[in-house]
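An overview of the molecular structure
The chain contents come next:
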Amino acid sequence: MEMSKKILLALLCLGLIVVLYFSASRPDSSPGSNYIPTTSLEEAICTKVEARNEDCKKVILIDTDSNVAFVESEFGILPVLISKDHTKMVKMLPGLDFQEFREEKEENGPITWRVENNVQKDFSILYGFARDKAKTIIINSEGNIQPNKFYVRDDLAGMSGGSGTAPLWVWYITSEDEMIKPADITVYGTDGHLIYGGSKEE
């Protein structure tokens, strides 16, 4: 009987050790350093934007490499600077206006842009609208680089003339250094045809 109790006690101890081992070795399912709570960040951005009396329809893009996000409002696109830990909005930048872009089709051509230097230490940004015919954008004044580009939606602002809608895009680059103003930009259309070139700022 004494031997049976010792065997039972040994089995219980062994079982406890096994349970503790697997509990300690199981991967942590909580968010790690590489996890970005996009939904929470979107909510935080919209809350801050609306607190500044701006409409926030949705957050279109969050670029965690550049620490910038883009919000669609009733009137246009609002770029916002986000914190380096990607948890909150730091600053709202001047927006791109849909109506203004629609009304200045001939003056703006296929693209429009603005430069915001020294938004904070080591952060400057160049951003703007592009019509669908602007297939390739080259920023000559920043080392002949091509910017990031994303689709917003079909909109009247995407038309260069006539009626109906066409795709509207936003393009941008960020830099740790101050950018050259006015920017020198070249735009190519389908089949690589030059459709715009010059130095201007919105």
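Glancing now at the overall build of the chain. Looking only at helices and strands, one finds four helices and twelve strands in the chain. For the chain, buried positions account for 38% of its 202 residues. Looking at the chain alone, contacts between residues at least 24 apart form 51% of all its contacts between residues at least 6 apart. Summed over its atoms, the accessible surface of the chain is roughly 11,800 Å², and 51% of this surface lies on carbon and sulfur atoms.

Another aspect to go through is the pattern of salt bridges. In the structure shown here, the tally under the stated rule is six salt bridges. For glutamate 72, the salt bridge goes to lysine 57, with nearest N and O atoms at 3.9 Å. You can see glutamate 72 sitting in strand β2 (residues 68–72) and its partner lysine 57 sitting in the loop between α2 (38–51) and β1 (58–63), a full 15 residues away along the chain. Classification of lysine 57 by relative accessible area gives exposed; the value is 52%. Here the salt bridges share partners, and the residues they tie into one network are Lys57, Glu72, Arg102, Arg153 and Asp155.

What follows covers the side chain of aspartate 155. If you trace the backbone, aspartate 155 turns up in strand β9 (residues 148–155). One polar contact links the side chain of aspartate 155 to the main-chain amide nitrogen of alanine 157, over a distance of 2.7 Å. Once you skip the residues sitting within four places of it in the chain, aspartate 155 turns out to touch Arg102, Thr165, Ala166 and Leu168.

Here we come to unusual backbone geometry. Lysine 181 connects to proline 182 through a cis peptide bond whose omega is -5 degrees. Here proline 182 shows up in the loop between β10 (166–175) and β11 (184–188). Of note, asparagine 67 is a non-glycine position whose phi angle comes to about 60 degrees, a positive value. If you trace the backbone, asparagine 67 turns up in the loop between β1 and β2.

Here we come to the nonpolar core. By size, the foremost hydrophobic cluster in this structure holds 19 residues, and its most contacted members are Phe70, Ile77, Ile125, Phe129 and Val170. The set of elements that each furnish at least two residues to this core consists of β2, β3 (76–82), α3 (98–103), β7 (123–131), β9 and β10. Ranked by the residues each element gives to this core, the list is headed by β7, at four residues. Residues contacting phenylalanine 70, with those up to four places away along its chain left out, are Lys58, Val59, Ile60, Leu61, Ile77, Leu78, Pro79, Ile125, Phe150, Val170 and Tyr172. Residues Trp113, Ala134, Ile137 and Val187 belong to the second largest nonpolar core, which totals 15 residues.

Taken in spatial order, the four strands line up as β6-β7-β10-β9 in an open sheet, and their pairing is antiparallel. The open sheet has two edge strands with one neighbour each: β6 (114–120) and β9. If you compare each strand with its neighbour and ignore which way they point, the axes differ by 20 degrees on average. Bridging between β9 and β10 involves seven bridges; their strand directions are antiparallel. Looking at β10, one finds that aspartate 155 is bridged to alanine 166.

One pass over the full model with this rule turns up one disulfide. Note on cysteine connectivity: cysteine 46 is disulfide-linked to cysteine 56, with sulfurs 2.0 Å apart. The S-S bond linking cysteine 46 to cysteine 56 shows a torsion near -45 degrees; that makes this disulfide left-handed. Within this pair, whereas cysteine 46 is found in helix α2, its partner cysteine 56 is found in the loop between α2 and β1, the two being separated by ten residues in sequence. Given a relative accessible area of 16%, cysteine 46 falls into the buried group.

Rules and cut-offs
- Residues numbered from 1 in each chain as written.
- Predicted model: local features only at pLDDT ≥ 70, side-chain atom pairs only at ≥ 80, totals over all residues.
- Heavy atoms only, no water.
- Helix = DSSP H or I, 4+ residues; strand = E, 2+ residues; numbered from the N terminus.
- Buried < 20%, exposed > 50% of the residue type's maximum accessible area, 1.4 Å probe, protein only.
- Contact = heavy atoms within 4.5 Å.
- Areas by Shrake-Rupley, 256 points an atom, 1.4 Å probe, with all protein chains shown as cover.
- Salt bridge = Lys/Arg side-chain N within 4 Å of Asp/Glu carboxyl O.
- Polar contact = N/O pair within 3.5 Å; in protein donor to acceptor, adjacent residues only side chain to side chain.
- Core = buried A, V, L, I, M, F, W, Y, C linked by side-chain atoms within 4.5 Å.
- Pairing = 2+ DSSP bridges.
- Axes fitted to C-alpha atoms, helices over the stretch in contact; angles between N-to-C directions.
- Disulfide = S-S within 2.5 Å.

That's the geometry; what it means functionally is another story.
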